Amino acid sequence: MADRVTVIGWDGSPLEGAARAALSAATLVAGAGHHLALPEVPHSAERVRLGSITLAARRIAQHRGTAVVLANGDPGFFGVVRALRAPEHGLEVEVVPAISAVAAAFARAGMPWDDAQVVVAGSRTLRRAVNVCRAHPKVAVLTSPGAGPAELALLLGEVHRTFVICEDMGTPHERTTVLTSDKAADHVWRDPCVVIAVGGHGTGMGTGTVQGTGWLAGRPPGYPEGPRGWALPPLPYGEEHATATTGESAQLRAAQLARLGPRPGDLVWDIGTGSGSLAVEAARFGAAVIAIDRNAEACARATAAARQAGAQLHVVHGGAPQVLEDLPEPDVVRVGGGGLRTVTACADRRPERLVTHAATRDEAEAVGRVLGGAGYAVECALLQTLELDTVHWSERDRTVVFLLSGHRM
């Protein structure tokens, strides 16, 4: 095992102090091509080009001497430190950090970033990174080849954001570009880069709409916002309209949300959104949400509810299942209206979970057969809720529905 392993962050500025001392004593230096070309790298040191971190870690573990790993920015922030410290390598490392690429990008833009989400877009995580950009008003994206600004913009589609794109930071070729996301696909970008995606409710290119100092990273100043809890009573989201038109209750919505399990990186379809109550609550869990309804007034109510709650919703006016054809792939789906044809169309898109409800047992059995035939494990429960007037303790409202959920097998 190497006698000593030092991980040095590099942000384009000259190496000084501990970083320079560690590098001058190194007998093995690992890094990207531009790192190994630095004049401070000893001529006598073995040079390992970083392609696979795992292979480099194995070579470092076998080395007898002093090893240095060079990495961009802060190597402890979505960097090589986690991989090098993995138990299978047994490496204890010292870290000399530099300014992270994310911090540098926000500094170039002159923006605070304690309220920003930070995600990594790779071949496996690009779609989820895009969903975070849909769901949050300020997101920093660490890109990779094949998952850069153009790909982010194409997957965002009709959800428009302002992009601040920082390329080759810390090098003589550094470039910062500000443009709208619909223009990003028209350019060729150097990989990797950092993209700051800004837009939607709650912030802009300045310091945001809420003044003051936040206390929790990734949340706007003043968080938590909105009412405490979930599956809330009618007033916060105007649900009296939804109950009158769809027969849904807050209790049914609670059960639906529990089975959907929306989370950051997910895309939720809420079909037959009504007042937008479930859509807004799914967004409050951090998921990206597309709220769909054939009724224009329902779409307007959903939009108003989202603004009131500070949630990011993409509201689509149109009838299911036809309107679903051009929508991006969902992770979970709530079908609040549209019948068996809509349930079938959703199951064909293979979301991880699909939740709906039925008024009668015959309808529930028909939905269950559709989901089972599409390869889903089906659960069905009869939910009865009885709301009481707590002044006179008299019965005020009673609902009985069949709740169905399908989990993709």
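Please read all numbers here as calculations on a predicted model, not as lab measurements.

On the surface, Leu386, Leu388 and Trp393 cluster together into a nonpolar patch covering about 320 Å² of accessible area. Looking at the element boundaries, Leu386 is found in strand β16 (residues 376-389). Given a relative accessible area of 41%, Leu386 falls into the partly exposed group.

Pairing within the open sheet is mixed, and its five strands lie in the order β6-β7-β10-β8-β9. The outermost strands of the open sheet, each flanked by one partner alone, are β6 (117-120) and β9 (175-180). Put simply, the sheet's adjacent strands are angled 20 degrees from each other on average, direction ignored. Taken strand by strand, helix α6 (residues 126-135) contacts β6, β7 (138-142) and β10 (193-198), and its axis lies near 160 degrees from that of β6. Packing of helix α7 (residues 149-156) onto the sheet brings it into contact with β7, β8 (162-167) and β10, and relative to β8 it is tilted by some 165 degrees.

Another point: the packing of aromatic side chains. Scanning all chains against the criterion turns up three aromatic pairs. Consider the rings of Trp230 and Phe285, whose centres lie 5.8 Å apart with planes at 75 degrees: the pair is edge-to-face. Here Trp230 is found in the loop between β10 and α9 (239-246), whereas its partner Phe285 is found in the loop between α11 (277-284) and β12 (288-293), with 55 residues between them in sequence. Classification of Phe285 by relative accessible area gives partly exposed; the value is 34%.

Omega for the bond connecting Asp191 with Pro192 falls within 30 degrees of zero, at -10 degrees, which places this linkage in the cis form. Relative to the helices and strands, Pro192 resides in the loop between α8 (181-184) and β10. Cis geometry marks the peptide bond from Ala320 to Pro321, where omega comes out at 10 degrees. Summarising the element assignment, Pro321 is placed in the loop between β13 (313-317) and β14 (332-335). The backbone phi angle of Phe78 is positive, close to 55 degrees, even though this residue is not glycine. Counting through the fold element by element, Phe78 comes out in the loop between β4 (66-72) and α4 (80-84). Under the relative-accessibility criterion, Phe78 is labelled exposed at 53%. The phi angle at Arg350 is positive, at roughly 60 degrees, despite the residue not being glycine. Following the sequence through the fold, Arg350 ends up in the loop between α13 (339-348) and β15 (353-358).

Let's shift gears to the sheet that holds β13. One open sheet accounts for seven strands, arranged β13-β12-β11-β14-β15-β17-β16; its pairing is mixed. Lying at the two open borders of the sheet, with one neighbouring strand each, are β13 and β16. The sheet shows a mean angle of 20 degrees between the axes of neighbouring strands, taken without regard to direction. Pairing of β15 with strand β17 (residues 394-408), which is carried by six bridges, proceeds in the antiparallel orientation. By the bridge assignment for β17, Thr356 is matched with Leu404. Seen against the sheet, helix α10 (residues 250-260) touches β14, β15, β16 and β17 and runs at an angle of roughly 160 degrees to β15.

A word on the environment of Glu151. Structurally, Glu151 can be placed in helix α7. C-alpha separation for the pair Glu151 and Phe106, spaced 45 residues apart in sequence, amounts to 21 Å. Setting aside chain neighbours within four positions, we find Glu151 in contact with Leu126 and Gly146.

Conventions adopted
Residues numbered from 1 in each chain as written. Predicted model: local features only at pLDDT ≥ 70, side-chain atom pairs only at ≥ 80, totals over all residues. Heavy atoms only, no water. Patch = residues over 30% accessible without salt bridge, like charges linked within 9 Å, V, L, I, M, F, W, Y side chains within 5 Å. Areas by Shrake-Rupley, 256 points an atom, 1.4 Å probe, with all protein chains shown as cover. Salt bridge = Lys/Arg side-chain N within 4 Å of Asp/Glu carboxyl O. Helix = DSSP H or I, 4+ residues; strand = E, 2+ residues; numbered from the N terminus. Buried < 20%, exposed > 50% of the residue type's maximum accessible area, 1.4 Å probe, protein only. Pairing = 2+ DSSP bridges. Axes fitted to C-alpha atoms, helices over the stretch in contact; angles between N-to-C directions. Contact = heavy atoms within 4.5 Å. Phe/Tyr/Trp six-rings, centres within 6.5 Å; stacked < 30°, edge-to-face > 60°.

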